[in-house]
Amino acid sequence: MRYVSTRGGLQPSSFSEILLGGLGPDGGLVVPEEYPKVDAATLASWRGLSYPQLAFEVLRRYAGDIGESTLRALIERTYTEQVFGSADITPVMGLEDELYLLRLSNGPTLAFKDVAMQLLGNLFEHVLEQQGRQLNILGATSGDTGSAAEYAMRGKHGISVFMLSPHGRMSAFQRAQMFSLRDPNVFNIAVYGVFDDCQDMVKAVSADLGFKSRYAIGTVNSINWARVVAQVVYYFKAWLAVTQADDELVSFSVPSGNFGNVLAGHIARMMGLPIRRLVVATNENDVLDEFFRTGRYRARSTAETSQTSSPSMDISRASNFERFVFDLLGRDPQRVAALWRELDERGEFDLAGTPEFARISDYGFVSGRSTHADRLATIRATASKYGVTVDPHTADGLFVAEPWREAGVKMICLETALPVKFAETIREALGQEPERPAAFEGIELLGQRFTLMPTDVVELKRYIAAHCPAVA
Ligand SMILES: *Cc1c(COP(=O)(O)O)cnc(C)c1O
């Protein structure tokens with residue numbers, strides 16, 4: 001499998017060559033030249049495979065150049081009962097007739113990002129070793145991404161993580177998760193500022209190309225292709241878990257922010273998995289819902305982006321969306337490049353009235369948005385009807401799924417985090433504390449290790465230079 005850019009400016013490249021990035025030299029995103037097809041007979045032969053076996057079948061179609069035995073070993077090392085809490089890795093739970101929860105949040109940081117990030121840690125370590133390189137991952141987080149990255153990269157050879165977070169703005173639980181790590185290759189930097197300040201500092205460092213290459217600075221953000229493709233696996237896993245007939249169509253509802261998770265569902269569908277609907281669930285930050293309803297894609301300003309009670313979906317633009325638009329426009333890189341130029345210049349583009357948007361239902365996408373009140377009501381209803389407490393993001397998915405359910409079509413809602421990560425909203429909804437997995441009892445009491453820093457790029461560079469070996 002070779003990879004190209006959505007804007008046409010990348011020589012076809014191998015999986016190993018694109019693994020550490022995700023962005024093409026032309027500003028587009030890397031995508032496979034074509035989607036490998038899985039026919040009905042092959043799909044039927046996958047019934048009964050374990051999660052690692054299934055992951056191998058999916059991933060070997062995308063990462064051929066890793067080598068089959070190496071890939072298998074990396075996957076087997078990643079997806080273990082010990083790390084993910086069950087041999088199923090992503091178990092499916094029935095809520096009622098034709099309604100299911102796909103549980104993706106039993107990895108080390110209790111959010112679905114672990115499923116892909118844990119694999120990324122092992123892939124990165126392998127490829128860096130092969131290429132005789134090292135990598136210093138620099139990122140900004142307001143919660144889930146940073147901790148998932150740190151738990152995936154801790155202790156890995158050739159890799160360090162420098163993670164910026166806004167001082168005093170994460171929940172006590174999230175802070176404890178990140179700052180209690182003692183691994184010498186993990187550096188937590190608490191910035192006197194807000195999340196956007198952290199992100200600006202990361203961008204400023206990455207824009208200094210000399211510094212970036214001297215210190216081998218990289219990222220693990222949601223446009224990383226390997227993260228997307230690792231997520232394709234659990235759509236297959238869930239479909240295999242709930243169907244009997246080999247052509248049964250099921251629907252998925254996906255709490256969405258940067259469009260990485262639901263893009264993986266789109267890819268599974270393009271590969272041939274019988275998916276009827278992909279429900280894109282947004283919160284009040286409804287860039288994606290607006291697009292799927294109207295054809296208009298309008299990036300929001302920081303001022304227009306609200307802080308909600310499902311914070312991991314608070315986005316102003318959806319960084320993976322370009323990959324779907326590439327498919328929607330018949331994989332025409334010129335048109336994608338023109339649309340993104342328009343987006344840069346005017347802050348929006350509009351596909352309403354185009355023949356492609358008229359056929360958008362061919363892709364199965366539908367959408368909806370939910371509000372704080374919807375979220376609370378859904379958390380309450382789910383607790384009282386099924387005795388299950390869901391986190392606010394999963395509640396968005398359940399709420400938006402409801403009007404799209406159809407008799408005879410199973411709806412699988414993706415659980416993207418455990419409620420303990422968002423205790424405040426759970427208390428507000430249910431008047432009680434969320435349950436806490438035993439391994440997380442008292443983590444707030446552990447010693448914490450972090451560095452405080454003003455919003456000063458020079459100081460950040462000095463810190464990185466002092467704590468990582470220069471590469472060239
Ligand atoms: C990251 C995240 C999301 C959004 O996923 P995308 O891939 O960005 O669409 C939803 N819920 C939780 C809990 C998350 O951490």
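Residues numbered from 1 in each chain as written. Predicted model: local features only at pLDDT ≥ 70, side-chain atom pairs only at ≥ 80, totals over all residues. Heavy atoms only, no water.

### Comments concerning the UniProt feature "domain: Tryptophan synthase beta chain-like PALP" (unreviewed entry) in the protein chain
The sites that UniProt annotates as "domain: Tryptophan synthase beta chain-like PALP" (unreviewed entry) are residues 96-332. Helix makes up 43% of residues 96-332 and strand 19%, whereas the separation of the span's terminal C-alpha atoms amounts to 43 Å. (UniProt positions renumbered as here; feature names shortened; annotations may be inferred. Helix = DSSP H or I, 4+ residues; strand = E, 2+ residues; numbered from the N terminus.)

### Here's the deal with the site of the ligand
Residues in contact with the ligand amount to 15 residues; listed here are only the nearest, K113, D144, G257, N258 and T416. K113 is positioned with one of its side-chain polar atoms (N or O) 2.5 Å from an oxygen atom of the ligand. When the ligand is considered free in solution it has 380 Å² of accessible area, and contact with the protein chains removes 96% of it. When its residues are assigned to classes, the shell around the ligand shows five nonpolar, eight polar and two charged. (Near = heavy atom within 4 Å. Polar contact = N/O pair within 3.5 Å; in protein donor to acceptor, adjacent residues only side chain to side chain. Areas by Shrake-Rupley, 256 points an atom, 1.4 Å probe, with all protein chains shown as cover. Nonpolar A, V, L, I, M, F, W, Y, C, P; charged D, E, K, R; others polar.)

### A few points about unusual backbone geometry
One non-glycine residue with positive phi stands out, namely I89, at about 65°. One can find I89 in the loop between α5 (81-84) and β3 (92-96).

### Notes on the nonpolar core
Of all hydrophobic cores here, the largest spans 109 residues; its most connected members are F124, F259, F321 and F324. Examining the composition of this core, we find that 14 residues originate from one element, helix α11 (residues 225-242), more than from any other. The contacts of F321, once residues within four sequence positions are left out, are N258, F259, L288, F291, F292, Y297, W340 and F349. (Core = buried A, V, L, I, M, F, W, Y, C linked by side-chain atoms within 4.5 Å. Buried < 20%, exposed > 50% of the residue type's maximum accessible area, 1.4 Å probe, protein only. Contact = heavy atoms within 4.5 Å.)

### Section: the sheet that holds strand β8 (residues 217-218)
Paired through backbone hydrogen bonds, the strands of a sheet run either parallel or antiparallel to each other. With respect to topology, five strands assemble into an open sheet ordered β8-β5-β6-β7-β15, the strand pairing being parallel. In this open sheet, the two edge strands, each paired with only one partner strand, are β8 and β15 (451-453). The sheet contacts of helix α6 (residues 113-131) involve β5 (135-140) and β6 (159-166), and relative to β6 the element is tilted by about 135°. (Pairing = 2+ DSSP bridges. Axes fitted to C-alpha atoms, helices over the stretch in contact; angles between N-to-C directions.)

### Some thoughts on the pairing of β6
The element β6 is largely enclosed, with a buried count of eight among its eight residues. Where burial is concerned, the two faces of β6 agree: the one with I159, V161, M163 and S165 and the one with S160, F162, L164 and P166 are both buried. Both β5 and β6 contribute to a ladder of six bridges, which runs parallel. Across the sheet, L135 pairs through a bridge with I159, a residue of β6. Of the crossover connections in this fold, the one passing from β5 over helix α7 (residues 144-153) to the parallel β6 is right-handed. Judged from the six bridges that link them, β6 and strand β7 (residues 186-191) form a sheet pairing that is parallel. When the bridges of β7 are listed, L164 appears paired with I189. Once you follow β6 into helix α8 (residues 172-179) and on to β7, the crossover reads as right-handed. (Right-handed = clockwise from strand over helix to strand, strands pointing away.)

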